[in-house]
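Chain residues, written in single-letter form:
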Amino acid sequence: MQPLALGAPLLTIMAHSCGVNSLHVIKVPEGQYLVASGSDDGSIHICLLEVALGKGEAAAGTCLQILERVSRPCAHAAHVTGIRVLRPDLLLSASVDQRLTLWRWGPGGLVPLSTTFFHVPDLAELDCWEVAEAGGELRYYCVLCGQGLEMLCGTAPSEPSPLEAPQEWGRCATHPSPCLSWEGTLHLGSAHHCSPCPQPAH
């Protein structure tokens with residue numbers, strides 16, 4: 001099988017000083033794409049792209065345009081190995097430093113809302129999904145994988161109105177403490193916590 005010839009890249013963005021370990025892309029309602037990445041250097045980068053598809057024979061082809069971009073150096077104390085965009089204004093990142101951090105992206109850049117310590121060493125991957133409750137509330141489930149597995153579930157703050165001040169975004173209207181509220185965890189043993197294998201009898 002021959003490798004696919006990709007040709008020249010349409011756009012190159014210098015986002016990190018080291019390798020990229022985590023990447024997540026979502027399509028936002030306006031037909032644009034939100035690209036979030038985490039790196040070995042502990043930084044997080046977010047880029048909002050607009051994709052213009054060429055039409056007709058006279059078109060120059062597909063064009064990518066950067067609408068917004070923001071970086072957060074030293075977001076974590078170690079490699080960022082997991083990143084997920086929950087919605088256009090909320091982002092989760094996880095690192096080998098065993099911290100799971102919720103970020104708000106708004107006019108003030110990336111603002112940390114809460115940090116939760118997890119118990120999985122050598123984190124390799126993060127995945128999240130949402131489930132709509134009967135009352136309309138969204139519940140988020142988060143799985144962290146490395147030398148073991150941990151799952152958390154919780155609720156996130158409602159989307160802020162355009163008139164809200166950025167410094168108020170970190171708090172729910174009905175809760176005085178910063179959201180995201182993790183309500184429970186599930187742990188599966190890692191290699192560091194396994195009982196030693198029984199030795200065969202001689």
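The paragraphs below set out a description of the structure included in this document. Remember, predicted model here, so these are calculated numbers, not experimental data.

**Quick word on a nonpolar patch on the surface**
Judged by side-chain polarity, Val20, Leu23 and Val25 come together as a nonpolar surface patch covering roughly 270 Å² of accessible area. The exposure class of leucine 23 is exposed, given its relative accessible area of 54%.

**Some details on the nonpolar core**
Counting 16 residues, the largest nonpolar core has Leu92, Leu100, Leu126 and Leu144 as its most contacted members. Elements with a contribution of two residues or more to this core: strand 6 (90–95), strand 7 (99–106), strand 9 (125–132) and strand 10 (138–146). The residues touching leucine 144, leaving out its near neighbours within four places in the chain, are Ala94, Leu100, Phe118, Val120, Leu123, Glu125, Leu126, Leu149, Glu150 and Leu152. In terms of nonpolar packing, the next biggest core, distinct from the first, is built from 15 residues, Leu34, Ala36, Ile83 and Leu91 among them.

**A few points about the pairing of strand 10**
Pairing between strand 9 and strand 10: eight bridges, direction antiparallel. Pairing of tryptophan 129 across the sheet is with tyrosine 141, part of strand 10. If you look at the hairpin formed by strand 9 and strand 10, you'll find five residues sitting between the two strands, and glycine 136 has a positive phi there, around 95 degrees. Pairing analysis gives eight bridges linking strand 10 to strand 11 (residues 148–155), with the strands arranged antiparallel. Among the inter-strand pairings, cysteine 145 is bridged to a residue of strand 11, identified as leucine 149. Hairpin geometry of strand 10 and strand 11 is characterised by an intervening segment of one residue between the two adjacent antiparallel strands.

**Concerning the sheet that holds strand 5 (residues 80–87)**
Strand order in the open sheet formed by four strands is 5-6-7-8, with antiparallel pairing between adjacent strands. Looking at which strands have only one partner, the edges of the open sheet turn out to be strand 5 and strand 8 (109–117). Strand-to-strand, the axes of this sheet are offset by a mean angle of 20 degrees, without reference to chain direction. Here strand 5 pairs with strand 6 via six bridges, running antiparallel. Residue pairing in the sheet places glycine 82 in a bridge with alanine 94 of strand 6.

**Some thoughts on the sheet that holds strand 4 (residues 63–72)**
Read from one edge of the open sheet, four strands run 1-2-3-4, paired in antiparallel fashion. If you trace the sheet from one side to the other, it starts and ends with strand 1 (20–27) and strand 4, each paired once. Neighbouring strand axes in the sheet, compared pairwise and without regard to direction, differ in orientation by 20 degrees on average. Across seven bridges, strand 2 (residues 32–39) lies against strand 3 (residues 44–52) in antiparallel orientation.

**Some details on the packing of aromatic side chains**
Applying the stated criterion to the full structure yields one aromatic pair. Between the aromatic rings of tryptophan 129 and tyrosine 141, the centroid separation amounts to 5.8 Å while the plane-to-plane angle is 10 degrees, which identifies the pairing as stacked. Residue tryptophan 129 is located in strand 9, and its partner tyrosine 141 is located in strand 10; the two are separated by 12 residues in the primary sequence. Residue tyrosine 141 is classed as partly exposed on the basis of its relative accessible area, which comes to 22%.

About the thresholds
Residues numbered from 1 in each chain as written. Predicted model: local features only at pLDDT ≥ 70, side-chain atom pairs only at ≥ 80, totals over all residues. Heavy atoms only, no water. Patch = residues over 30% accessible without salt bridge, like charges linked within 9 Å, V, L, I, M, F, W, Y side chains within 5 Å. Areas by Shrake-Rupley, 256 points an atom, 1.4 Å probe, with all protein chains shown as cover. Salt bridge = Lys/Arg side-chain N within 4 Å of Asp/Glu carboxyl O. Buried < 20%, exposed > 50% of the residue type's maximum accessible area, 1.4 Å probe, protein only. Core = buried A, V, L, I, M, F, W, Y, C linked by side-chain atoms within 4.5 Å. Helix = DSSP H or I, 4+ residues; strand = E, 2+ residues; numbered from the N terminus. Contact = heavy atoms within 4.5 Å. Pairing = 2+ DSSP bridges. Axes fitted to C-alpha atoms, helices over the stretch in contact; angles between N-to-C directions. Phe/Tyr/Trp six-rings, centres within 6.5 Å; stacked < 30°, edge-to-face > 60°.

The values reported here are purely geometric and, on their own, carry no functional implication.
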